[in-house]
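# Architecture at a glance
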Amino acid sequence: MDYKKDFKFLEKNIVYFDNGATTLKPNRVIEKMDSYYYDYPSNAHRGDYNISMIASTEFEKTRDLVKEFINAKNREEIIFTSGSTESINMAIYGYFMNNLKSGDEVLITKSEHASIVIPWFDLENKLGIKVKYIDLNKDYTFSIDNFKKMINSNTKVISIAEITNVIGDKRDIKEITKIAHENNIKVLVDASQSIGHIKVDVTDTDIDFLAFSAHKMLGPTGVGVLYGKEELLKEISFIKGGGTSISFDSPKKIVYKDLPYKLEAGTQNIAGVIGFGEAIKYLNEIGMDYIEKYTNELKEYLVSKLEDNENIIMYNPRVEGSILIFNVKDVFAQDTAIYLNNHDICVRAGDHCDKKLYDELGVKNTVRISLYFYNTKEEIDKLVKVLNNNNILEESLGI
Ligand SMILES: Cc1ncc(COP(=O)(O)O)c(C=O)c1O
């Protein structure tokens, strides 16, 4: 299927291969946000006049769409945030900081994004908990056996991505949660890279907390979600208080509103949340199974084409998914990215917020190609052709 017509940006004929950083926005998402600003540009949940009520209704419709999209049990379990990073921090500082004590252990891997790693190590410093790495397999994918080996009576949390942002491997969250819960371990899942690529089902997998950003699933920047089981969210002490989160306020007595409003203090990103709802509707029309299958096939095609070029070193060619990291022999990753940019191909170069993994990989940086359903084989053919050039370094440096 050709989805290019749904994205005005793609009329520019730029090849966009940086979907792991953020996805493009379909026209209908942009139009939906425009219509908020043009037709009912009011605050939500606060006005007793028509356009404010429309804003509130549209805002709350997105909560229902998110609930259905991740199959949560009820809408109060969906908290709007500014993105994955805030959602993860909210769970860690709002829930775990109050429920962990010195000596408790938290399991992560060296393949996690900085937004998981940083707050956990901060909590290690603050509380004296221990953050431990589960060893990865030789191909840097997750190992259930290694996870089991790490469990002891002090293990209280496992905090990992469902799909990682460098290797792109998909973890079996249902199995991980089952093992975790048998051992009284809570599960915090970073769904930043999975939410727009595979079907995420919090009820089937029995996840405790789930975090994701709208902008990685066709929605706008500045919007995200923290899902939590209701009984856990009720226990969260919020990390920000203010308007909407309280029902009665006096210097002596503060009464917090019920979920979800207790955790959504202040004016929200109303246009963003409304646009996010439109992104979910569009994803539902396309189908998550289709997106997963198509992007997996596209990656296989990419790998098969690059295998013919002996100057290309691929680090995760056999991992199923939509992400490929590679380098051109003797060319610094950023130089390759600049060279590709000169050919209107957008890729990311660097350590992708995951320095620890790069220590394991034995390189400092790589180029990352992250695919989505609007990418095509023709675009990959263009990339492959452009990479079949022995003068990449010279051309990127303009010599
Ligand atoms: C796996 C993973 N986790 C968390 C994040 C943070 O997302 P955000 O910057 O939208 O908060 C990212 C962003 O790249 C990511 O890839």
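Structure report, in brief. As the structure is a prediction and not an experimental result, all values here were calculated from the model.

## Some points on unusual backbone geometry
Cis rather than trans, the peptide bond between Leu-259 and Pro-260 has omega equal to 0°. Here Pro-260 is to be found in the loop between β10 (254-256) and α9 (270-286). For Asn-184, which is not glycine, the phi dihedral falls at a positive 65°. Positionally, Asn-184 belongs in the loop between α6 (173-182) and β6 (186-190). Of the residues examined, Asn-184 reaches a relative accessible area of 65% and is grouped as exposed.

## Looking at the site of the ligand
The environment of the ligand is made up of Ser-84, Thr-85, His-113, Ser-115, Asn-165, Asp-190, Ser-192, Gln-193, Ser-213, His-215 and Lys-216. Here an oxygen atom of the ligand sits 2.6 Å away from a polar atom, N or O, in the side chain of Thr-85. With respect to the ligand, the side chain of Gln-193 contributes an N or O atom lying 2.7 Å from an oxygen atom. Relative to its free-state accessible area of 390 Å², the ligand is covered by the protein chains to the extent of 84%. Mapping the ligand onto the cavity grids shows that it belongs to the largest pocket.

## Comments concerning the nonpolar core
Nonpolar side chains in soluble globular proteins tend to end up buried together. Among the nonpolar cores identified, the biggest contains 93 residues, and Ile-70, Ile-158 and Phe-373 are the most heavily contacted of them. It is α9 that provides the largest number of residues to this core, a total of 10 residues. Split by domain, the residues of this core number at least three in each of domain 1 (4-24 + 287-397) and domain 2 (28-285). Residues in contact with Phe-373, not counting those within four places in the same chain, are Tyr-3, Phe-7, Leu-218, Tyr-282, Leu-283, Ile-286, Ile-291, Tyr-294 and Thr-295.

## Digging into the sheet that holds strand β12 (residues 323-328)
Spatially, the four strands line up as an open sheet ordered β11-β12-β15-β14, and their pairing is antiparallel. Edge strands, defined here as strands with exactly one partner in the open sheet, are β11 (312-314) and β14 (348-350). Each adjacent strand pair in this sheet contributes to an overall mean axis angle of 35°, direction not counted. By the bridge criterion, three bridges tie β11 to β12 in an arrangement that is antiparallel. Bridging across to β12, Ile-312 finds its partner in Val-328.

## Quick look at the sheet that holds strand β8 (residues 224-228)
One open sheet accounts for seven strands, arranged β2-β8-β7-β6-β5-β3-β4; its pairing is mixed. Both outer strands of the open sheet, β2 (78-81) and β4 (130-133), are each paired with one neighbouring strand and no more. For this sheet, the mean inter-axis angle between neighbouring strands, taken without regard to orientation, is 20°. Judged from the three bridges that link them, β6 and strand β7 (residues 209-213) form a sheet pairing that is parallel. Looking at the pairing, Leu-188 lines up with Phe-209 of β7. Along the sheet, α6 makes contact with β5 (155-161) and β6, crossing β5 at roughly 170°.

Cut-offs used in this document
- Residues numbered from 1 in each chain as written.
- Predicted model: local features only at pLDDT ≥ 70, side-chain atom pairs only at ≥ 80, totals over all residues.
- Heavy atoms only, no water.
- Helix = DSSP H or I, 4+ residues; strand = E, 2+ residues; numbered from the N terminus.
- Buried < 20%, exposed > 50% of the residue type's maximum accessible area, 1.4 Å probe, protein only.
- Near = heavy atom within 4 Å.
- Polar contact = N/O pair within 3.5 Å; in protein donor to acceptor, adjacent residues only side chain to side chain.
- Areas by Shrake-Rupley, 256 points an atom, 1.4 Å probe, with all protein chains shown as cover.
- 1 Å grid on protein atoms, 1.4 Å probe; cavity = no way out; pocket = protein on both sides within 12 Å on 5 of 7 lines; lining within 4 Å.
- Sits in = over half its atoms within 2 Å of the grid points.
- Core = buried A, V, L, I, M, F, W, Y, C linked by side-chain atoms within 4.5 Å.
- Domains from an automatic or database assignment.
- Contact = heavy atoms within 4.5 Å.
- Pairing = 2+ DSSP bridges.
- Axes fitted to C-alpha atoms, helices over the stretch in contact; angles between N-to-C directions.

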